[in-house]
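Residues per chain, in single letters:
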Amino acid sequence: MRLTAQSLEHLAGIITGDSQKSPYRSGPQLVGFFNDFGEGDLYGQGFPARAQFARDKLDKFNGTDTMKGIVSATFDFIGEDGFNAEDAACQFNQILSRDGFRLVMIDDYGWMDGDKEVRINPRFKVRPLGQAIVVPTSLIAISHEGVTEQVRKANQKIETGDYSGAITNAYTLVEHLLKLLLAETATAFKETEGDIRALYKVLQPSFNLDPAKIQEPLKPIVGSFQTLIGGLYEMANKGSDRHACRFNPTRHHAKLAVNAAFVLCDFLVESRDYQEARAATAPCKETAV
């Protein structure tokens, strides 16, 4: 595992605690930290500056398999008073992702205690950055703050292992975009409506999405969006943090929900743009989806 200089610098600040995002490590504690990975240093006279010592060690291990263990151990302060390891990992993932890796939170097992999730032995592991989530360019291009914020949060929570939270953000993204499109088309709807099934049903006429009127061969796919929305609704009710979880979603469950939401939202945005373009050139003709 090889990291860039920027990643190493950021990592050194978390290991030493100098970034103030993690507990402070004294010189002897830094020696002990790296000795756990096979080093044999002793703390004593002539010991270099703490930051320099940490950076030298990281340079030594950079490009080796041991680096993965070092990165994981760096964030082993979950539950420490005054610090939030998950937030620190989220911020570091923004840099680490450029190196092709991410930190994910794992645990041995867990359960729901009311509306609180109990995790046994939570810890971070380094994983290669695969094509877990593909954000459609149409969603990235939308400047509306609510949409871009939910896209960001969904990605962030997948990367840090908050799968229930990712499902929640996927649902909220769909809800927010449906309301945005309804407002744009001057379609009457309840602003307080939180059921995406109802919101999509209201939107269908404006977007020519009535299953009975969709032409072949689009009908099997486009017509199934109502089923997709119903599935996302059920998943969000049972596996998100909107309500007490009835099952513990895993990474692939969260990816399914998030990517399904992205596909649906991408189609709706592209369809809106297409129909607007058609209306501008042929306003008297009925536009297709």
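In this report, the structure presented in the accompanying data block is examined. Along each chain, residues carry numbers from 1 onward, in the same order as the chain's sequence is written. With the structure being a predicted model, the display of local features is reserved for residues of pLDDT at least 70 and the display and counting of side-chain atom pairs for 80 or more, all residues being used for whole-chain, interface and lining totals. Side-chain measures here rest on the full set of heavy atoms in the structure, leaving out hydrogens and waters.

Let us look at helix 2 (residues 27-35). Looking at helix 2, one finds that the buried residues are G27, L30, V31, F33 and F34. For helix 2, the arc enclosing every buried residue in end-on projection is 160 degrees, short of the 170-degree limit, so these residues lie on one face. Pairs of residues are marked as contacts when any of their non-hydrogen atoms sit within 4.5 Å. Helix numbering and strand numbering both begin at the N terminus, where a helix is a DSSP run of H or I of at least 4 residues and a strand a DSSP run of E of at least 2. Summarising the contacts, the buried residues of helix 2 are in contact with helix 1 (5-16), helix 3 (50-61) and helix 4 (66-74). In this scheme, a residue with accessible area under 20% of its type's maximum is buried, one over 50% is exposed, and one in between is partly exposed, where area comes from a 1.4 Å probe on protein chains only. Think of the arc as the fan of directions from the helix axis to the C-beta atoms.

With that settled, the discussion passes to the pairing of strand 1 (residues 101-106). With respect to burial, strand 1 is a largely interior element, 5 of its 6 residues being buried. When DSSP locates at least two bridges between a pair of strands, those strands are taken to pair. As paired strands, strand 1 and strand 4 (residues 123-128) are joined by 6 bridges and run antiparallel to one another. Looking at strand 4, one finds that V104 is bridged to K125.

What follows is about the pattern of salt bridges. Salt bridges are counted wherever a side-chain nitrogen of Lys or Arg sits within 4 Å of a carboxyl oxygen of Asp or Glu. Evaluation of the coordinates by the stated rule reveals 10 salt bridges. Between E9 and R55 there is a salt bridge whose closest N-O contact spans 2.4 Å. Residue E9 is found in helix 1, and its partner R55 is found in helix 3; the two are separated by 46 residues along the sequence. For K179, the salt bridge identified is with E175, shortest N-O distance 3.1 Å. Placement of the pair is K179 and E175 together in helix 8 (residues 163-184), with a separation of 4 residues, close to one helical turn. The same class applies to K179 as to E175, namely buried.

With that settled, the discussion passes to the packing of helix 1 against helix 3. Contact geometry of helix 1 with helix 3 gives a least axis separation of 9 Å together with a crossing angle of 130 degrees. Taken as axis vectors, helix 1 and helix 3 run oblique relative to one another. Helix 1 and helix 3 meet at a crossing whose hand is right-handed. Touching A5, L8, E9, L11, A12, I15 and T16 of helix 1 are R50, A51, A54, R55, L58 and D59, all from helix 3. Each residue gets one label: Ala, Val, Leu, Ile, Met, Phe, Trp, Tyr, Cys and Pro are nonpolar, Asp, Glu, Lys and Arg are charged, and the others, such as Gly, are polar. Residue composition of the contact of helix 1 with helix 3, by class: 8 nonpolar, 1 polar and 4 charged. Here an axis means a line fitted to C-alpha atoms, over the contact stretch when the element is a helix, while the angle between two N-to-C directions is reported on a 0 to 180 degree scale. What sets the label is the angle itself: under 35 degrees gives roughly parallel, over 145 gives roughly antiparallel, 65 to 115 gives roughly perpendicular, and the rest give oblique. For any helix crossing, the convention is left-handed if the near helix is rotated counterclockwise from the far helix by under a right angle, and right-handed if that rotation is clockwise.

The rule is short: rings of Phe, Tyr and Trp, with Trp giving its six-membered ring, pair when the centres are within 6.5 Å, and they are stacked under 30 degrees, edge-to-face over 60, tilted in between. This structure, assessed with the given rule, holds 11 aromatic pairs. Residues F77 and F83 carry aromatic rings whose centres are separated by 6.4 Å and whose planes lie at 80 degrees to one another, so their mutual orientation is edge-to-face. Among the residues examined, F83 registers a relative accessible area of 29% and is labelled partly exposed. With a centroid separation of 5.1 Å and an interplanar angle of 55 degrees, the aromatic rings of F225 and F267 are classed as tilted. Note that F225 is positioned in helix 11 (residues 225-239) and F267 in helix 12 (residues 251-281), a separation of 42 residues in sequence. Note on F225: relative accessible area 6%, which makes it buried. Taken together, the ring pairs connect F33, F34, F37, Y43, F47 and F53 into an aromatic cluster. Two conditions define a charge located above a ring, namely a distance within 6 Å from the ring centre to NZ of Lys or CZ of Arg, and an angle within 35 degrees of the ring normal. Over the ring of Y233 we find R197; its NZ or CZ atom is 3.6 Å from the centre of that ring.

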